[in-house]
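Understanding the architecture of this molecule
Here are the chains, one letter per residue:
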Amino acid sequence: MFLGDVEMMNVTNRKIPSARRMSPQQFLAFGFLGTILIGTILLLLPISTHNPISLIDALFTSTSATTVTGLVVLDTGSDFTLFGQIVIMLLIKIGGLGLMTFAVMIVLALGRRIGLRERVLVQESFNQTSLGGMIRLVKVLFIFAFSVEAVATLLLSFYWIPTYGWGFGFFTSLFHSISAFNNAGFSLWDDSLSKYVGDPVVNIIIPFLFITGGIGFTVIYDLIVTKTFRRLSLHTKLMLTGTLVINLVAMLLIFALEYGNPATLGSLSSIEKMFASFFQAVTPRTAGFNTIDIGSMNPATITFFLLLMFIGAGSASTGSGIKLTTFIIIVLAVYSYLRARKESVIFERKIDNQIVIRALSIVFISLTAVVTSIFLLSITESAPYLWIVFEAFSAFGTVGLSMGLTEELSFMGKQMIIILMVIGRIGPVTLAFALAKSEYSHIRYPKGDVFTG
């Protein structure tokens with residue numbers, strides 16, 4: 001009997017992995033969930049809100065902040081106190097730069113050595129293929145992020161302090177700088193930044209912040225240490241050219257589609273139309289701010305927004321989505337197939353087939369998550385179908401834009417959006433690896449033919 005009890009204890013122990021036995025993907029996933037839980041507890045405290053809030057609303061807000069989404073069921077500026085707003089701001093900061101970035105910096109500040117396991121975790125969090133230079137990368141990006149946010153806060157303070165006073169003016173500048181750089185989309189105004197639709201200061205500083213944060217930390221690091229475009233990595237070249245092209249195309253298309261719409265661009269001056277078109281062109285790729293009413297846009301523009309939200313920002317950035325490089329890889333693979341080429345080539349470099357397979361896996365898992373959520377939300381929510389589709393894509397891409405459904409979500413609807421935000425931020429492939437057990441086989445089978453198309 002005693003031996004049986006010991007054997008059962010051993011079996012139980014084997015089923016519950018310790019932190020040491022967790023895979024990097026599991027550790028990162030549980031780290032995010034732990035941060036969300038702590039944030040939920042803090043937001044439930046009486047000093048966080050002017051009036052008591054429900055557990056599901058606190059959990060939703062904490063998840064939205066940690067996953068840097070920006071979807072809100074409560075108004076950040078009026079429903080939360082200064083303490084609650086600071087909690088949201090800190091969750092955005094941790095979620096944007098990543099839990100491992102802060103962990104490494106704390107360990108370094110304490111004078112301790114970074115071990116191999118910690119380096120592997122940093123490598124996984126930044127989607128890197130090599131362990132070399134991980135700690136230097138974290139240091140550079142940590143300093144860069146705080147420096148950019150500090151400069152932006154200073155510039156916005158010169159603009160907002162004369163209007164709102166020293167206290168609220170400075171905090172507003174700090175809050176929006178952190179929210180923008182980390183692509184969170186949280187604002188202290190219930191209409192986001194709509195009152196600044198034609199303002200050159202806001203329309204330059206805020207987009208600069210979320211474009212910089214969304215382009216990817218490895219791209220920023222590459223630009224800092226590399227002097228010429230020719231010496232940049234293939235990933236950096238793809239992100240820079242891809243970002244420029246997709247932003248320019250989006251701006252021109254939105255300008256054309258919404259030009260005569262009286263509810264969006266129609267009533268604005270020519271320069272305001274350009275500012276609004278530019279802002280709305282770059283914000284769907286996970287930024288979440290808006291300067292015009294999203295729900296009033298034409299169906300064609302909304303459909304285009306769905307594509308932009310699904311593509312998202314850069315790999316190892318403060319944004320989510322399938323990532324721009326994933327989209328580019330799929331386009332290159334299709335182009336190569338149509339041209340009867342055996343391999344994809346860009347900038348005189350070949351794309352490995354394993355990268356193509358990974359890109360296809362990301363797209364398939366992501367579409368499965370989004371379509372499943374749309375199906376379930378169509379059952380639980382009494383709302384226009386387009387609103388539901390938009391909400392699901394926005395949650396997965398951790399964008400934060402909404403056509404008006406977020407505040408009307410049912411209890412079940414909020415839970416599904418919470419799950420979708422977590423999947424979108426952690427990454428579908430990372431989450432799949434965290435939940436699944438990897439199996440490696442040395443067996444090779446003969447090739448078989450399958451008819452497709």
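In case you missed it, the structure is sitting above this.
Residues numbered from 1 in each chain as written. Predicted model: local features only at pLDDT ≥ 70, side-chain atom pairs only at ≥ 80, totals over all residues. Heavy atoms only, no water.

The next thing to look at is the environment of Ser192. The topology assignment puts Ser192 in the loop between α9 (166–181) and α10 (200–214). Note on Ser192: relative accessible area 7%, which makes it buried. Through-space distance from the C-alpha of Ser192 to that of Asp293 is 9.7 Å; in sequence the pair is 101 residues apart. Leaving out residues up to four positions away in the same chain, Ser192 has contacts with Ser187, Phe289 and Asn290. (Helix = DSSP H or I, 4+ residues; strand = E, 2+ residues; numbered from the N terminus. Buried < 20%, exposed > 50% of the residue type's maximum accessible area, 1.4 Å probe, protein only. Contact = heavy atoms within 4.5 Å.)

In this structure, Val68 is a non-glycine residue whose phi angle is positive, near 45°. In this structure, Val68 sits in the loop between α3 (55–66) and α4 (76–79). Residue classification places Val68 among the buried positions, given a relative accessible area of 0%. In the Ramachandran plot, Phe347 falls in the positive-phi region, its phi being about 50° despite a non-glycine side chain. Looking at the secondary structure, you find Phe347 in the loop between β1 (344–346) and β2 (349–351).

Further remarks concern the side chain of Ser177. Of note, Ser177 is situated in helix α9. In this structure Ser177 touches Glu149, Ala152, Thr153, Leu156 and Leu209, once residues within four positions along its chain are discounted.

So, on to a nonpolar patch on the surface. A cluster of nonpolar side chains, namely Ile38, Leu42, Leu45, Ile47 and Phe83, defines an oily patch on the protein surface of about 410 Å² accessible area. With respect to the element layout, Leu42 can be found in helix α2 (residues 24–44). (Patch = residues over 30% accessible without salt bridge, like charges linked within 9 Å, V, L, I, M, F, W, Y side chains within 5 Å. Areas by Shrake-Rupley, 256 points an atom, 1.4 Å probe, with all protein chains shown as cover. Salt bridge = Lys/Arg side-chain N within 4 Å of Asp/Glu carboxyl O.)

As a rule of thumb, soluble globular proteins bury nonpolar side chains together. In this structure, Ile206 and Phe390 are the most contacted members of the largest nonpolar core, which totals 104 residues. The residues contacting Phe390, other than those within four sequence positions of it, are Ile294, Ile302, Phe305, Leu306, Met309, Leu401, Ser402 and Met403. With five residues, the next largest nonpolar core counts Phe32, Ile36, Val422 and Ile426 among its residues. (Core = buried A, V, L, I, M, F, W, Y, C linked by side-chain atoms within 4.5 Å.)

This model, assessed by the stated rule, comprises three salt bridges. A salt bridge links Asp57 to Lys414, with the shortest nitrogen-to-oxygen separation between them at 2.7 Å. With Asp57 in helix α3 and Lys414 in helix α18 (residues 411–426), the pair connects residues that are 357 residues apart, well separated along the chain. A residue is classified by how much of its surface remains accessible, and Lys414, at 12% relative accessible area, is buried.

This is a description of form; function is not addressed.
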